[in-house]
Amino acid sequence: MEQKVHIFDTTLRDGEQVPGCKLNTKEKLTLALKLEELGVDIIEAGFPISSPGDFESVSQISRIIKNATVCGLTRAVQKDIEVAAEALKYAVRPRIHTGIGTSDFHIKAKFNATQDEILARAIQAVKWARNFTDDVEFFAEDAGRTDDQYLARVVEAVIKAGATVVNIPDTTGYCLPHQYGAKIAYLMNNVPNVDKAILACHCHNDLGLATANSISGAINGARQIECTINGLGERAGNTSLEEVVMVIQQHKHLGLFTNIKTQMLNPLSREVSETMRVPVQPNKAIVGANAFSHSSGIHQDGFLKNAQTYEIISPDQVGADGSKIVLTARSGRSALAYRFQKIGYDFNRDDIDALYQQFLIVADGQKEVLEPDLIEMAKVHLSANVTA
Ligand code: KIV
Ligand code: ZN
């Protein structure tokens, strides 16, 4: 039986922390509705105590979202939790996401405290939050660099205090996939009450490993992945939603599934990029402009014979515009013939041989050969043949 991985979208909270990406309430509401339509299980709508504007956004999102859980972030501080509860009070499914740093860096440098003091604050925060909702998620910030034995003590204690989800963030994106997977496996095997809660992956991308780490976490038993559209988030970003969802869909042997409507991935990526004013890198997996473009002659020839030779996902599966055969100086004859055909010129092999020499001269002089260039080449070729 396949097991569900809950998709926790934090585009509106961790994603929105990117400098220049701040969203107003109207923009947050529009995106929240789209995220719900996409099929995410949990929308982290904001950090209610951080500003009156964010409180208002979380409050309004709570009123309009009917199917997804709406979540608000807090520190392990009573006032934060009360304010979050107030912002979430109209939600059909409210979740409070509270937590505290558990690595020595956080315990010593940030809090000047001891492990036992942090443990006590963690338990207290979960208990406060449980006064307002049955759905409480605890995050052990910098869990990626937290000693496993201490982390297991914290996880056990917060579950006992009432946490229903425990988030194991690799806050600094430090872990390697096998290390992060081993951390989740350690907790699954050493926390006696772990079956009473879901473990969540929240991986940052400082070393470009966020997707790999999240998948490694899921393989080892985590059943929630925290992610953002286009991988937006602090510094190098968070795990990209579109990537983890498609890894899970492509690798059925993992025995996992999500509820995401994958055809919405490209349109929503564009909308988030425009709203947050952050362009998507062209080579970004799943949603980049080149994700389905083929430019070298060897690839184009294989692709034109059978798309699966060079594409493991079809563009319509993820709502992309379609595969593209791009003409550059590295392209081959079959691609040239294909592109001529697409604009109505059915040249035979001898024609293409002749045109290809002309094409290479043009292609060497520019980045890409475009439709007007092809039309010009076709006209010259046809008139030369008529004259001859
Ligand atoms: O990266 C992190 O640790 C976080 C927590 C607040 C969940 O974003
Ligand atoms: Zn984060």
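Residues numbered from 1 in each chain as written. Chains lettered and ligands numbered in written order. Predicted model: local features only at pLDDT ≥ 70, side-chain atom pairs only at ≥ 80, totals over all residues. Heavy atoms only, no water.

### What about the overall build of the chain?
Here is the rule we go by: By the criteria applied, helices consist of DSSP H or I runs no shorter than four residues and strands consist of E runs no shorter than two, each listed in order from the N terminus. Any residue under 20% of the maximum accessible area for its type is buried, any over 50% is exposed, and the rest in between are partly exposed; the area is computed with a 1.4 Å probe on protein chains only. The contact criterion used is simple: two residues touch if any of their non-hydrogen atoms lie within 4.5 Å. The accessible surface values rely on the Shrake-Rupley method and a 1.4 Å probe; as for residues, cover is taken only from the protein chains in view.
The number of helices and strands found in the chain is 14 helices and twelve strands. Looking at the chain residue by residue over its 388 residues, the buried ones come to 53%. If you take every contact in the chain between residues at least 6 apart in sequence, the share linking residues at least 24 apart comes to 73%. Carbon and sulfur atoms make up 52% of the accessible area of the chain, which totals about 17500 Å².

### Some thoughts on the coordination of the zinc ion (ligand 2)
What counts here: Counted as donors are the N, O and S atoms within 2.8 Å of the metal, or 3.2 Å for Na, K and Ca, while water is not among the atoms, so some sites may look incomplete.
The protein atoms that coordinate the zinc ion (ligand 2) are D14 (OD), H202 (NE2) and H204 (NE2), at distances of 2.1 Å. Written as a sequence motif, the donor arrangement for the zinc ion (ligand 2) is D-x187-H-x1-H. Residues H202 and H204 agree in their burial class; the two are buried.

### Things to note about the site of ligand 1
This is how the line gets drawn: Near is defined per residue: the residue qualifies when any heavy atom it owns lies within 4 Å of the molecule or strand. In protein, a polar contact requires one atom able to donate a hydrogen and another able to accept it; more generally it is a pair of N or O atoms within 3.5 Å, and residues adjacent in sequence count only if both atoms are side-chain atoms.
Around ligand 1, the surrounding shell consists of R13, D14, L73, H97, F139, E141, N167, P169, T171, H202 and H204. Between ligand 1 and R13 there is a distance of 3.0 Å, counted from an oxygen atom to a side-chain nitrogen or oxygen. H204 places a side-chain nitrogen or oxygen 3.0 Å from an oxygen atom of ligand 1. In isolation ligand 1 exposes 260 Å². Once the protein is present, 92% of that is buried.

### Remarks on the packing of aromatic side chains
Inclusion rule: Working definition: rings of Phe, Tyr and Trp (its six-membered ring) pair if their centres are within 6.5 Å, and the pair is stacked with planes under 30 degrees apart, edge-to-face with planes over 60 apart, and tilted otherwise. Charge-over-ring contacts are defined here by two conditions on Lys NZ or Arg CZ: a distance within 6 Å of the ring centre and an angle within 35 degrees of the ring normal.
Counting across every chain of the model gives four aromatic pairs. With 6.1 Å between their ring centres and 85° between their planes, F340 and Y345 make a pair best called edge-to-face. Overall, the relative accessible area of 0% leaves F340 in the buried class. Relative to F359, the ring of Y356 has its centre 5.7 Å away and its plane inclined at 25°; by these criteria the two rings are stacked. Of this pair, Y356 and F359 both sit in helix α13 (residues 349-364), three residues apart, roughly one helical turn. Y356 sits in the buried class, given a relative accessible area of 11%. Here the aromatic residues F340, Y345 and F347 are joined through ring pairs into a cluster of three or more. When the ring centre of F105 is taken as origin, the NZ or CZ atom of R145, which lies over that ring, is 4.0 Å away.

### A short note on the state of the cysteines
We apply this condition: A pair of cysteine sulfur atoms is labelled a disulfide when the two atoms are within 2.5 Å.
Scanning the entire structure with this criterion turns up zero disulfides. Cysteine C21 remains unbridged, with the sulfur of C227 as its closest cysteine sulfur at 17 Å. C71 takes part in no disulfide bond, and the closest cysteine sulfur to it belongs to C227, at a distance of 13 Å. Assessed through its relative accessible area of 0%, C71 is described here as buried.

### Describing helix α6 (residues 148-161)
Rules: One less than the number of residues in a helix, times 1.5 Å, gives the span that helix is expected to have.
The end-to-end C-alpha distance of α6 is 20 Å, a good match for the 20 Å that 14 residues give at a rise of 1.5 Å each. In the core, the buried residues of α6 are packed alongside α4 (104-110), α5 (115-130), β6 (136-141), β7 (165-170), α7 (177-190) and β8 (198-203).

### Points about α13
In a regular helix each residue adds 1.5 Å, so 16 residues correspond to 22 Å; α13 covers 22 Å between its end C-alpha atoms and thus fits that length. Taking the backbone nitrogen of D350 as reference, a side-chain oxygen 3.1 Å away marks N348 as the first, capping residue of α13.

### Here's the deal with the domain arrangement of the chain
Short version of the rule: The source of the domain bounds is an automatic or database domain assignment.
Taken domain by domain, the chain holds domain 1 (3-260) and domain 2 (293-387). Each of domain 1 and domain 2 has a C-alpha centre, and the two are 47 Å apart.

### Thoughts on the sheet that holds strand β2 (residues 6-9)
This is how the line gets drawn: Strand pairing is defined by DSSP finding a minimum of two bridges between the two strands. The convention used is that axes are lines fitted to C-alpha atoms, helices contributing only their stretch in contact, and that angles between N-to-C directions extend from 0 to 180 degrees.
Strand order in the closed barrel formed by eight strands is β2-β3-β4-β5-β6-β7-β8-β9, with parallel pairing between adjacent strands. In this sheet, adjacent strand axes meet at a mean angle of 25° when their direction is disregarded. As judged from the four bridges shared by β2 and strand β9 (residues 224-227), these two strands associate in the parallel manner. Within β9, the residue paired with H6 across the bridge is Q224. Along the sheet, helix α1 (residues 25-38) makes contact with β2 and β3 (42-46), crossing β3 at roughly 170°.

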